[in-house]
Amino acid sequence: MMDGKKLVIGILAHVDAGKTTLSEGLLYVSGSIRKAGRVDHKDSFLDTDVQERSRGITIFSKQAEISWKELDITLLDTPGHVDFSAEMERTLQVLDYAVLVISGTDGIQGHVETLWRLLLRYKLPVFLFVNKMDRPDTDREALLLELKERLGSQCIDFSGADSPEDHEDFLENVAVCDEKLLERYLEQGTVEKEEIAKLIAKRAVFPCYFGSALKMEGVEAFLDGLSDYCLPRSYPEDFGARVYKIGRDAAGRRLTYLKVTGGCLKVKQSLSGEDGAWEEKIEQIRIYSGVKYTTVQEAVAGTVCAVTGLEKTHSGEGLGFEKESLSPVLAPVLTYRVNIPADRDVHTVYKDLCKLEEEEPQLHVLWRAETGEIHVQLMGEVQTEILKNLIKERFGVAVEFDVGSIVYKETIQTIVEGVGHYEPLRHYAEVHLLMEPGESGNGLVFDTACSEDELDRNWQRLVLTHLEEKEHLGILTGSPITDMKITLVAGRAHLKHTEGGDFRQATYRAVRHGLHRAQCVLLEPVYEFRLELPSSMIGRAMTDIQAMHGKFEAPLTQGETVVLTGTAPVAAMRGYQTEVISYSGGSGRLFCSLKGYEPCHNAEEVIAAVGYDADRDLDNPASSVFCSHGAGHVVEWQEVEEYMHIESAFRETLAGRKETPTDRKGNYDTSVSCERAFSLAEEKELEEIFNRTYGTGNRDGLDRKQSKHQYPGDPKVIRAKQETFEDREVRKPIQKEDYLLVDGYNIIFAWEELSELAEDNLDGARGRLMDILSNYQGYRKMTLILVFDAYKVRGGLGSVSTYHNIHVVYTKEAETADQYIEKVTHEIGRKHRVTVATSDGLEQMIIMGQGAKRMSAAELKEEIMSTNQELRELILNRKTADKQYLFDEVPKDLAEHIEEVRLGKKEF
């Protein structure tokens, strides 16, 4: 172990609480800067960005180095505005201690409570500094009482720690926070500083200091408190680091901001991502303080630095022994469409925004392929203005944002089992997931309860990886799912035919299948608000909140001002700040912070307005693909359980639990109970039928293939472990027609003779291919659709025509043959056997995912040559045979043609 003498301390606050002013005071008093800057003078040491100085708020987290007595501090100043909360949250993962600044004039505001919950989540020790105590309207005792009531009784006034007259009261207040310490204090009459420091480190005590950062009152005492009561960190010798931010310097070089949490980081040292995903070398190590930095050859444990040379890192990533950090709590709640100038390429702008996305955690960039539009998810209105200026500055593009819409989420209320099966020819995977409602705000939790005897550990890890790698969408509005636990309870692979991508398909389909079976709930973001108004206007405010479908507690009177606190949907409360200022004449103040997600107050209206159709979402299918007669076929989600190869693990999983299934609100889930009771009763009834029909003897002696259809409910008969991959049969035979879809131009340019003809006469090549396929269809009797790509035909409306016995399709403008084939495959693949002839590798993978059979251009040519050979043999062998017999084997028009060839009237 290496003793670390450095501490990383972050400063957090509600906007305008004086956080940056305190940072300036700490830097000035410690001698790190010669002159303390001011936010209103636009010369603060840490707010260096042009937009930060013009707006007077912190937008980006900044680093500064402080030395005080025996303590070296890396100070991280974070944004206080709620729109930039994500920037603040990502710094929490590298802090040793946090300083929470409270405004002495405003007390605990709405965003402070959000910060307090985040500090609890990241288990950070906290020092509190109550600022602006030089103002005449501040009350020290009242503020301390408010801190104890709203943040916890462990908030202790440390101003009397070194005062002889108050020292005894101070020790007593600290001692009562811990039972063992209280016993020692009663026996010995004293408490050591090291004991107090340990209580602070384990969040049993929260030191409170009072002062005025602007006038440098209490700043030095606060620094002394940090020096006295912060414990030095110890770090392991093995290398580890935590990435918390991605940025770029003035020259455009990519910077990876990280904290070394073990060992030593050196220049030219090679680092790699998880599971060897990437490997790169460190080129430069920078220690920043404000905008300036110094370069070093190595950074020891406890150092916060920025490094160059790493191009593939991301915020929250763990290096060395460190693992990926927790998913952030604060997420964007508004979606905006990005309007770009007509002379700019939308794809180039999208790539630029993606670069910006990795630097800005509160920015989520989305590409809507169906409309060719860019959408961004943001925290609020202020952020849109900042982002527009940032895009203009970085990329020279003047973008605009449409009116923002709400970011909804979805969850489930009932426990269900989702099944995904993926089995095109020579592929195989089946996944069973138990999906349960989770606690509000916990996000998605993934686990496995599958036996390694049933599914190898490596396959199980792969399933969990596929669950984590994708943002799974719900079926109500296509919004991301959240607040549920998904457990792998069963699965199967094949020794010969299973590939990694098979489990990806099976896992995604299992999630969607479970969502279709579950009772889903639409969630909307909810604000926690604090509204301060003159008493004469509180009635108007309460009426407004009720109209917004909000909730509030009893009004609290503070002198001539009345305070109203509660919650309300973000969708309803947007823009209410302007309304408050209007009707209160500027005397009212509204503070909002994101509380989380709750069931949507107008779910039906939102779902209807979005108009999302889960069955038509081709990128997120709930169906499964099973193999029959050498080809894959799609089974819709309603029928998957009739075809699945593994017996349901749903009832067994619930039966092994002691707790009763509950819904999101903690109520008894009768739907699960009824489903389980019905299934058990059904099994018992089928058991009696089986015994009456076949007797009560040993069932294993029955012919398995026969009994599987006669008694589908018998677990001994259908148990998938007793079946082999080769002799498995489809449980429900389906009569299907054969369809062949041909990518016309792909075939023309893949066949040498047609490609040469196309160089001189493309129309001739098309006609020749149509003749060849017409002859082929006449003998094979499938429905044949030949698709030609008219993607670049300006103004093309598309057409469908019949050429003899085949259908010929020309796609419309902006529609490729691939897109048309994918659409048709999805629509007819549910009821018919579909084969697609193309040599496009990507297209082959896509149509396999839809359950279709693939055929390359070379395979189609070989098949047609084989058909022609069969026709030749048929003609030569039947010259003296009964004419009627020959005509019965082929369609009439082809038979007449053959007869004319046989008589020498035509060439074959």
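This is a predicted model, so every value here is computed, not measured.

1. Re helix α3 (residues 85-92)
Now for step 1: The element α3 is extensively covered by neighbouring structure, given that 8 of its 8 residues are classed as buried.
Now for step 2: Along α3, the positions that sit buried rather than exposed are S85, A86, E87, M88, E89, R90, T91 and L92.

2. A look at the packing of aromatic side chains
Now for step 1: In total, this model carries 18 aromatic pairs according to the counting rule given.
Now for step 2: Between Y288 and Y293, the aromatic rings sit 5.1 Å apart at their centres with planes inclined by 45 degrees, giving tilted as the arrangement.
Now for step 3: With a relative accessible area of 36%, Y293 lands in the partly exposed category.
Now for step 4: Members of the aromatic cluster, connected to one another through ring pairs, are Y97, F127, F129, F158, F170, Y209, F222 and Y229.
Now for step 5: Over the face of the ring belonging to Y122 we find R121, whose NZ or CZ atom lies 5.5 Å from the ring centre.
Now for step 6: Stacked on the ring of Y508, the Lys or Arg K470 has its end atom at 4.3 Å from the ring centre.

3. A look at the sheet that holds strand β2 (residues 6-13)
Now for step 1: Spatial ordering of the open sheet is given by β3-β4-β2-β5-β6-β8-β7, a layout of 7 strands whose pairing is mixed. Both outer strands of the open sheet, β3 (62-68) and β7 (155-157), are each paired with one neighbouring strand and no more. Pairs of neighbouring strands in the sheet enclose a mean axial angle of 30 degrees, with direction left out of account.

4. Focus: the environment of E468
Now for step 1: On the secondary structure map, E468 appears in helix α12 (residues 457-469).
Now for step 2: By relative accessible area, which is 55% here, E468 ends up exposed.
Now for step 3: When the C-alpha positions of E468 and F446 are compared, they lie 7.8 Å apart, and in sequence the two are 22 residues distant.

5. Quick notes on the pattern of salt bridges
Now for step 1: Tallied over the full model, the rule gives 37 salt bridges.
Now for step 2: Linking D447 and K485 is a salt bridge whose minimum nitrogen-to-oxygen distance equals 3.9 Å. One end of the pair, D447, is in strand β28 (residues 444-448); the other, K485, is in strand β29 (residues 484-492), and 38 residues separate them in sequence.
Now for step 3: Looking at D447, the relative accessible area reads 33%, which means it is partly exposed.
Now for step 4: A salt bridge links R457 to E452; the shortest N-O distance between them is 2.9 Å.

6. Some words on the nonpolar core
Now for step 1: Judged by nonpolar contacts, the single largest core of 74 residues is most densely connected at L433, M435, L531, M573 and Y576.
Now for step 2: When residues of this core are assigned to their parent elements, the largest contribution, 8 residues, is made by strand β30 (residues 520-534).
Now for step 3: Non-local contacts of L433, meaning those with residues more than four positions away in its chain, are made with V416, E417, G418, V463, L467, I486, T487, L488, V489, T507, A510 and V511.
Now for step 4: In this structure, I9, L27, A175 and C230 belong to the second largest nonpolar core, which totals 44 residues.

7. Quick word on unusual backbone geometry
Backbone phi values are negative for most residues with the exception of glycine, while trans is the configuration of most peptide bonds.
Now for step 1: With a phi close to 60 degrees, M216 is a non-glycine residue in the positive phi region.
Now for step 2: The residue M216 is located in the loop between β8 (206-210) and α9 (219-229) in this model.
Now for step 3: Judged by relative accessible area, M216 falls into the partly exposed class, the value being 27%.

8. Overview of the packing of helix α24 (residues 752-760) against helix α25 (residues 762-780)
Now for step 1: Where α24 meets α25, the axes come as close as 6 Å, and the angle between the chain directions of the two elements is 145 degrees. Counting all contacts with α24, which are made through L754, L757, A758 and D760, the residues of α25 involved are L762, G764, A765, R768 and L769.

9. A closer look at the environment of A622
Now for step 1: With respect to the helices, strands and loops of the structure, A622 is situated in the loop between α17 (603-610) and β35 (624-628).
Now for step 2: For A622, a relative accessible area of 7% corresponds to the buried category.
Now for step 3: For the pair A622 and V419, spaced 203 residues apart in the sequence, the C-alpha separation amounts to 9.1 Å.
Now for step 4: Each residue touching A622, except ones within four places of it in the same chain, is listed here: R509, R512, H513, H516 and W637.

10. Some words on the confidence of the model for the chain
The predicted coordinates ought not to be read in detail in places where the model reports low pLDDT.
Now for step 1: When the pLDDT values of the chain are averaged, the result is 80; 81% of them are 70 or greater.
Now for step 2: The least confident element of the chain, judged by mean pLDDT, is helix α21 (residues 704-710) at 31; the most confident is strand β25 (residues 409-412) at 95.
Now for step 3: Under a pLDDT of 50 for its full length, residues 657-687 has, in the predicted model, 45 contacts with residues more than four places off or in other chains.
Now for step 4: Predicted confidence is poor over residues 697-734, with pLDDT under 50, and the contacts of this stretch with residues over four places away or in other chains come to 61 contacts.

11. Looking at the sheet that holds strand β41 (residues 833-837)
Now for step 1: Within the open sheet, the 6 strands sit side by side as β39-β40-β38-β37-β41-β42. Their pairing is mixed. The sheet is open, and its two edges are formed by β39 (799-803) and β42 (853-855), each paired on a single side. Put simply, the sheet's adjacent strands are angled 20 degrees from each other on average, direction ignored.
Now for step 2: Looking at chain direction, strand β37 (residues 738-743) and β41 are connected through 5 bridges and run parallel.

12. As for helix α5 (residues 140-150)
Now for step 1: L143, L144, E146 and L147 are the residues of α5 that are buried. Each buried residue of α5 lies within a common arc of 160 degrees when the element is viewed along its axis, so the set occupies one face. Within α5, the exposed residues directed more than 90 degrees away from the buried face are E141 and E149.
Now for step 2: N-cap assignment for α5: the residue whose side-chain oxygen lies 3.2 Å from the backbone N of E141 is D139.
Now for step 3: Count one or two residues on from α5 and you reach G152, which has phi positive near 140 degrees.

13. Concerning the side chain of H645
Now for step 1: Turning to its location among the elements, H645 is positioned in the loop between α18 (640-643) and α19 (650-655).
Now for step 2: A distance of 2.9 Å separates a polar atom in the side chain of H645 from a polar atom in the side chain of Y428.

14. Some points on a negative patch on the surface
Now for step 1: A cluster of acidic residues, E165, D166, E168, D169 and E172, forms a negative patch on the protein surface.
Now for step 2: Residue position: D166 is located in the loop between β7 and α6 (167-175).

Conventions used here
Residues numbered from 1 in each chain as written. Predicted model: local features only at pLDDT ≥ 70, side-chain atom pairs only at ≥ 80, totals over all residues. Heavy atoms only, no water. Buried < 20%, exposed > 50% of the residue type's maximum accessible area, 1.4 Å probe, protein only. Helix = DSSP H or I, 4+ residues; strand = E, 2+ residues; numbered from the N terminus. Phe/Tyr/Trp six-rings, centres within 6.5 Å; stacked < 30°, edge-to-face > 60°. Lys NZ or Arg CZ within 6 Å of the ring centre and 35° of its normal. Pairing = 2+ DSSP bridges. Axes fitted to C-alpha atoms, helices over the stretch in contact; angles between N-to-C directions. Salt bridge = Lys/Arg side-chain N within 4 Å of Asp/Glu carboxyl O. Core = buried A, V, L, I, M, F, W, Y, C linked by side-chain atoms within 4.5 Å. Contact = heavy atoms within 4.5 Å. pLDDT = per-residue confidence, 0-100. Arc of directions from axis to C-beta. Polar contact = N/O pair within 3.5 Å; in protein donor to acceptor, adjacent residues only side chain to side chain. Patch = residues over 30% accessible without salt bridge, like charges linked within 9 Å, V, L, I, M, F, W, Y side chains within 5 Å. Areas by Shrake-Rupley, 256 points an atom, 1.4 Å probe, with all protein chains shown as cover. Lys, Arg positive; Asp, Glu negative; His and termini not counted. Charge placed at Lys NZ, Arg CZ, Asp CG, Glu CD.

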